[in-house]
Amino acid sequence: MRYCIKVFGCQMNTVDGDRLRTVLQGMGWTETEEDSADLVIMVTCSIREKAEQKVFSDLGRFGKRWRETGRPAVAVVGCMAQRVGSDLFNRFPWVRLVAGPRHLGLVPGVTNSLLDSTSRFLMLDEDPVSVIDLETPGIVRSNRWRGYVTIAHGCDNFCTYCIVPYVRGRFQSRAARAIIDDVDALVRDGARDVTLLGQNVNSYGTDFPDGPSFSDLLREVAVIPGLSRLRFVTSHPKDFTKEIVEAMVENPVICPSVNLPIQSGSDRILKRMNRGYTVEEYAQKIGWIREAFPEAGLTSDLIVGFPGETQEDFELSLEALERFRYDLVHTAAYSRRPPSGAATMEQQLPEEEKTRRLNAVNALQKEIALSINKRFEGRVLEVLFDGPAPKGTGLIAGRTLSDKVVIAMGTDEDFGQIRKVRIERGDAWSLYGVLENPDPLIGGGISRG
Ligand code: SAM
Ligand code: SF4
């Protein structure tokens, strides 16, 4: 039996795709291309309408082969499966399984029955509290040198634009012991760079009676022998504490790179978004990070065209980009996501205006990122290479401690190694350089490049 896994959306979905792959392989299934698969599993996202449209259009494409050959059977799992539910069966008869993100653990038990044309399985998370997790045999990841570990499920913040709390359910931290064991297992298997994942990692432990805080967890994970680089994503500004920065200062293994989504530069809009901070409170937290690590990698998320966003509010977002000078910003035009609160707010903006604002923030951010990256030209940075560059023969890609992508000429032998690289050129997205030393530097946290 041959399967194909298609992942849409965030890093958590990539991890879920990797875990499903490991389970299926353990069950004797073989991975193949979409066109020859007996079973296609789609790990879906519903954060924006566009993300769902992409899945709908992919689902439609399977119809012809299915009508001619009875293949592929399709399983839709994750956030969009939870939101759309059994309607997927009605619209696409080749869909045999629909499972929400908290019920992935039930999927392997029925996978072998999915090719039988009469069976259909609906596994929605009616109870948004419990998690039926996947038991994965062995180590799971698509990149040998990099690993990801989910530290908490769900989210309780209910930002008014966001569907996540409705599809991923209540916030639930995983036990610290389980997280440490997962990171340890990854490191023993050769991972050098590990990222802790959650919708709001800073809330970690708040649901335990006397549990460790996120900074406690960071300290415990950072001392795992053999771990070179530790990252975490996503931080919510309202819960980002000085203790987290202190833990970073104490442990050079924790990378000076933080994703702190601002979402808007206007206090009025932040309030309507239910974000729980003002721009000045946000600025204070950026100040802690910059004071400790002047060259920290800082990334953010920004939504334009939220209901009621005036030209003045929008200009405040442009000002925030100029003020905080992020290395990278994930920008998006507001997309209506019922039942989240903002979907029924008045003063929804026309699509053309949202697009105009999106183009303007993207143009400004591109200029800022370019000017930051130009400053690295001529410098030598320490880069952990972990795979071929997406384009170009003989080119390999890696990351600095501050999470800058660096591309250089190299070979497979450089993967998993920290190398000194002289940067020759920077564009808005990446740095390009040449390897300086013939011998790799071993170990992480050598300097804060
Ligand atoms: N938990 C993270 C946080 O607090 O920022 C983000 C999680 S969300 C999966 C990733 C990003 O999608 C958000 O930061 C936001 O910018 C964007 N996003 C979420 N809902 C959106 C919507 N309705 N329209 C446009 N962008 C949205
Ligand atoms: Fe969505 Fe807000 Fe939760 Fe992030 S913190 S997942 S934006 S509700």
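To be clear, the structure that these remarks concern was listed above.
Residues numbered from 1 in each chain as written. Chains lettered and ligands numbered in written order. Predicted model: local features only at pLDDT ≥ 70, side-chain atom pairs only at ≥ 80, totals over all residues. Heavy atoms only, no water.

Turning our attention to the site of ligand 2. Cys-155, Asn-157, Phe-158, Cys-159, Tyr-161, Cys-162, Val-164, Pro-165, Gln-199, His-236 and Arg-275 make up every residue found near ligand 2. Classifying every residue of the shell around ligand 2 by side-chain character gives 7 nonpolar, 3 polar and 1 charged. (Near = heavy atom within 4 Å. Nonpolar A, V, L, I, M, F, W, Y, C, P; charged D, E, K, R; others polar.)

Next up on the list: the site of ligand 1. Lining the immediate surroundings of ligand 1 are 16 residues, of which Tyr-161, Gln-199, Gln-263, Asp-301 and Ser-335 lie closest. Taking Arg-48, its side chain carries an N or O atom lying 3.1 Å from a nitrogen atom of ligand 1. In this structure, a nitrogen atom belonging to ligand 1 sits 2.6 Å away from a main-chain N or O atom of Gln-199. A total of 560 Å² of accessible area belongs to ligand 1 in isolation, and the protein chains cover 89% of it. Among the secondary structure elements, those contributing two or more residues to the shell around ligand 1 are β13 (297–304) and β14 (328–333). Taken together, the residues of the shell around ligand 1 break down into 7 nonpolar, 5 polar and 4 charged. (Polar contact = N/O pair within 3.5 Å; in protein donor to acceptor, adjacent residues only side chain to side chain. Areas by Shrake-Rupley, 256 points an atom, 1.4 Å probe, with all protein chains shown as cover. Helix = DSSP H or I, 4+ residues; strand = E, 2+ residues; numbered from the N terminus.)

A few words on the environment of Val-434. You can see Val-434 is positioned in strand β19 (residues 431–435). Judged by relative accessible area, which is 38%, Val-434 ranks as partly exposed. What Val-434 contacts, discounting residues up to four positions off in sequence, is Lys-420, Val-421, Arg-422 and Glu-424. (Buried < 20%, exposed > 50% of the residue type's maximum accessible area, 1.4 Å probe, protein only. Contact = heavy atoms within 4.5 Å.)

Moving on to the packing of aromatic side chains. Across all of its chains, the model carries 10 aromatic pairs by this definition. Between Phe-214 and Phe-232 the ring centres are 5.2 Å apart and the planes differ by 75°, which places this aromatic pair in the edge-to-face class. Remark: Phe-232 occurs in strand β11 (residues 229–233) and Phe-214 occurs in helix α9 (residues 214–222); sequence separation between them is 18 residues. Phe-232 shares its class with Phe-214; the two are buried. Note on Phe-306 and Tyr-334: the rings are 5.5 Å apart at their centroids and 70° apart in plane angle, and the pair reads as edge-to-face. A residue pair is termed long-range when its members are at least 10 positions apart, and Phe-306 in the loop between β13 and α13 (311–324) and Tyr-334 in the loop between β14 and α14 (351–374) qualify at 28 residues. (Phe/Tyr/Trp six-rings, centres within 6.5 Å; stacked < 30°, edge-to-face > 60°.)

Moving on to the environment of Ala-360. The residue Ala-360 is located in helix α14 in this model. In this structure the C-alpha to C-alpha distance between Ala-360 and Phe-314, which are 46 residues apart in sequence, comes to 10.0 Å. Residues contacting Ala-360, with those up to four places away along its chain left out, are Phe-314 and Leu-318.

Before going further, it helps to spend a moment on a negative patch on the surface. A cluster of acidic side chains, namely Glu-312, Glu-315, Glu-319, Glu-322 and Glu-367, defines a negative patch on the protein surface. If one sorts the elements of the negative patch by residue count, α13 sits on top with 4 residues. Along the chain, the position of Glu-322 falls in helix α13. For Glu-322, a relative accessible area of 45% corresponds to the partly exposed category. (Patch = residues over 30% accessible without salt bridge, like charges linked within 9 Å, V, L, I, M, F, W, Y side chains within 5 Å. Salt bridge = Lys/Arg side-chain N within 4 Å of Asp/Glu carboxyl O. Lys, Arg positive; Asp, Glu negative; His and termini not counted. Charge placed at Lys NZ, Arg CZ, Asp CG, Glu CD.)

Time to look at the environment of Thr-344. Note on placement: Thr-344 falls in the loop between β14 and α14. With a relative accessible area of 71%, Thr-344 lands in the exposed category. C-alpha of Thr-344 to C-alpha of Thr-160: the two residues are 184 residues apart in sequence and 9.9 Å apart in space. Side-chain polar atoms of Thr-344 contact the backbone oxygen of Gly-341, separated by 3.3 Å.

Before going further, it helps to examine helix α12 (residues 279–292). Along its 14 residues, α12 runs 20 Å from first to last C-alpha, staying within 8% of the 20 Å computed at 1.5 Å per residue. For α12, the complete set of buried residues consists of Val-279, Tyr-282, Ala-283, Lys-285, Ile-286, Trp-288 and Ile-289. Elements in contact with the buried residues of α12: α10 (242–250), β12 (257–259), α11 (267–272), β13 and α13. (Expected span 1.5 Å × (residues − 1).)

This part is about the pattern of salt bridges. All told, the structure shown has 34 salt bridges when counted by the stated rule. In this structure, Arg-357 engages Glu-309 in a salt bridge whose closest nitrogen and oxygen atoms are separated by 2.9 Å. A residue pair is termed long-range when its members are at least 10 positions apart, and Arg-357 in helix α14 and Glu-309 in the loop between β13 and α13 qualify at 48 residues. Taking the relative accessible area as the measure of exposure, Arg-357 reaches 5% and is therefore buried. Within this structure, Lys-6, Glu-34, Lys-54, Asp-58 and Arg-61 form a network of salt bridges that share partners.

Okay, α10 next. Those residues of α10 that fall on the buried side of the exposure criterion are Ile-244, Val-245, Ala-247 and Met-248. Considered in projection along α10, the buried side chains sweep an arc of 155° and stay on one side of the axis. Against the buried residues of α10 lie α9, β11, β12 and α12. (Arc of directions from axis to C-beta.)

Moving on: the pairing of strand β10 (residues 193–197). Counting buried positions over the 5 residues of β10 gives 5, a clear majority of the element. Where burial is concerned, the two faces of β10 agree: the one with Asp-193, Thr-195 and Leu-197 and the one with Val-194 and Leu-196 are both buried. With 5 bridges connecting them, strand β7 (residues 146–150) and β10 associate as parallel partners. From the neighbouring strand, Tyr-148 faces β10, where its bridge partner is Thr-195. Inspection of the sheet shows β10 paired to β11 by 5 bridges, in the parallel sense. Bridging across to β11, Thr-195 finds its partner in Arg-231. The parallel pair β10 and β11 is bridged by α9, and the resulting crossover is right-handed. (Pairing = 2+ DSSP bridges. Right-handed = clockwise from strand over helix to strand, strands pointing away.)

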